[in-house]
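In case you want the letters, here they are:
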Amino acid sequence: MNNQEFRKNAHQLVDWMADYFENIEQHPVKSQVVPRQVYDSLPNELPLKGESFADIFKDFEEKIIPGMTHWQHPSFFAYFPANGSFPSLLAEMLMSALGAQCMIWETSPAAAELEEKMMHWLKQLMGIPMHFEGVIQDTASTATLCAILTAREYYTDYQINIRGFRAEKFTIYCSEHTHSSIDKAVKIAGVGSAHLRKVAVDDTFALRPESLESLIQQDIAQGYTPLCAIAAVGTTSSTAVDPVQAMGTICKKYNVWLHVDAAYVGTATMLPEKRWTIDGLEMADSYVFNPHKWMFTNFDCTAYFVKSKEALIRTFEIMPEYLKTKSDGQKINNYRDWGVPLGRRFRALKLWFVMRSFGVEGLQQKIRGHIQLAQDLTEIIKQREDFEILAPVEFNLICFRYSPANTSEETLNQINAQILHAINDSGKAYLTHTKLNGRYTLRLVIGQTNVTKKHVEAVWALILAEVAKIQTASLV
Ligand SMILES: *Cc1c(COP(=O)(O)O)cnc(C)c1O
């Protein structure tokens, strides 16, 4: 492909993208393909001779698109969103064109300095303590792994990095509702899943600080060294908020690292009325939230903040001869030393485009709008005697179920799963589920970039239509 052909194809693709967003609601939200359908539709033979872009693109439309779930569809109510937006998409296009590998300051000074500035902006926007320092990571899972590794090194005077584990017996604490990335990080960091303590929660599914303290005391009595506790600000199941302040006090008392995982809900702290969720954050050692979830910044972009950048850098720093540069030692950041990968994409560009294009007020208005839509639907659900809200709706995730009277728990689990699958198979909306206190719970997240009242009303109508079918079939 030469430059002239690139120009022609690229113009065509931009038109395709604009059409895609204009007509996105004509696609089923959740891909309807069966396992192996996409794989089997592609040839096993290598393309020996180069093919025309027209042929490649035709296959993209015919074979790939049907196998895609449309995360940017406004009726995507599943998991947590991975929101895109036009400014972010444009930045991604430029990033790809530049194709820069931004591992150190010298390999693209603008990428390093824009990243530093964006982290400064995010601290102001989100109410993150100004003495923290930030770095962009690929995902919250990586950031949490960095937190546990840094805690491990900090408390062993950076010795495990050198000599490996000896007789250390560390323990780590989180509630049973925290994200699976913590279980994963505990395995990778060498602490061992057997040493991850799941702390009990209260009836809002938030961690009980007194249970944390007694587990820490028990472990100390048995010769363990409590290493790190993780507070979830917005659990994945139900957006429950663990008490950061109370956990911070306990962590200080026992000299334990406090990591705060606000991957999804962190975006809401741009609203003064939601700031309370990170009260006490100055007591934490590290904090993560994902602009790539609710802040209109295409996946991937995770913002990771630490109290001590020295501890972070000492944990990850490497300095082979071929990476030494004449700017080392000056007031610059070589972000390769702030996390696991050496190579880094220029993700700061997306944040810059998004924050300038929406403006603080534009961002706040959208986030507030999503929360309002969720509150409104919650009121409607609460008025129904045959439905139940199963967790507090503090943000924009509603946990609920259809629960007609005199129905066994087993039947309720089964009919709610049936409602979920019927809606997802219709392609008209997509929601997912969780289990709360053993109950099959429908999760509806109203947070897609372009979701409106109309889409919320439509998904509620779909749910009621499924309920009507169940009633007609006299299943209950
Ligand atoms: C989504 C989520 C994660 C994982 O995020 P990734 O960026 O996909 O690794 C971690 N913690 C919480 C609370 C989440 O909601």
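Keep in mind that what you see is a predicted model, and the values were worked out from it rather than measured. (Residues numbered from 1 in each chain as written. Predicted model: local features only at pLDDT ≥ 70, side-chain atom pairs only at ≥ 80, totals over all residues. Heavy atoms only, no water.)

Participant: Sorry, what's going on with the overall build of the chain here?
Facilitator: Looking only at helices and strands, the chain features 15 helices and eleven strands. The buried share of the chain, taken over its 476 residues, is 52%. Within the chain, counting contacts between residues at least 6 apart in sequence, those at least 24 apart form 73% of the total. Just so you have it, the chain exposes about 22400 Å², and 53% of that area is on carbon and sulfur atoms. (Helix = DSSP H or I, 4+ residues; strand = E, 2+ residues; numbered from the N terminus. Buried < 20%, exposed > 50% of the residue type's maximum accessible area, 1.4 Å probe, protein only. Contact = heavy atoms within 4.5 Å. Areas by Shrake-Rupley, 256 points an atom, 1.4 Å probe, with all protein chains shown as cover.)

Participant: Please explain the UniProt feature "modified residue: N6-(pyridoxal phosphate)lysine" (unreviewed entry) in the chain as it appears in this structure.
Facilitator: Under the UniProt annotation, "modified residue: N6-(pyridoxal phosphate)lysine" (unreviewed entry) lies at K293. Take K293: its relative accessible area is 17%, and that puts it in the buried class. Those residues in contact with K293 that lie beyond four places of it in its chain are F80, P81, A82, N83, A263 and Y264. (UniProt positions renumbered as here; feature names shortened; annotations may be inferred.)

Participant: Would you mind going over the pairing of strand β6 (residues 286-289) with me for this structure?
Facilitator: Within a regular strand, the side chains alternate between the two sheet faces. Of the two faces of β6, the one carrying S286 and V288 and the one carrying Y287 and F289 are both buried. Of the strand pairs in this sheet, strand β5 (residues 257-261) and β6 are connected by three bridges, and their pairing is parallel. Within β6, the residue paired with D261 across the bridge is V288. Examined bridge by bridge, β6 and strand β7 (residues 302-306) share four bridges and lie antiparallel to one another. Its bridge partner being in β7, F289 is matched across the sheet by A303. (Pairing = 2+ DSSP bridges.)

Participant: Is there a simple way to think about the packing of aromatic side chains in this case?
Facilitator: Describing an aromatic ring pair means giving the distance of the ring centres and the angle of the ring planes. For the structure on display, the rule yields 22 aromatic pairs. Considering the side-chain rings of Y20 and F21, the 5.3 Å spacing of their centres and the 70° angle between planes classify their relative orientation as edge-to-face. Judged by its relative accessible area of 16%, Y20 is buried. Site record: aromatic cluster; members linked through ring pairs are W16, Y20, F21, F53, F57, F60 and F86. For the cation-ring pair, K274 lies above F395, with the distance from its terminal atom to the ring centre recorded as 5.4 Å. Lying over the aromatic face of F80, R443 brings its terminal NZ or CZ to 5.0 Å of the ring centre. (Phe/Tyr/Trp six-rings, centres within 6.5 Å; stacked < 30°, edge-to-face > 60°. Lys NZ or Arg CZ within 6 Å of the ring centre and 35° of its normal.)

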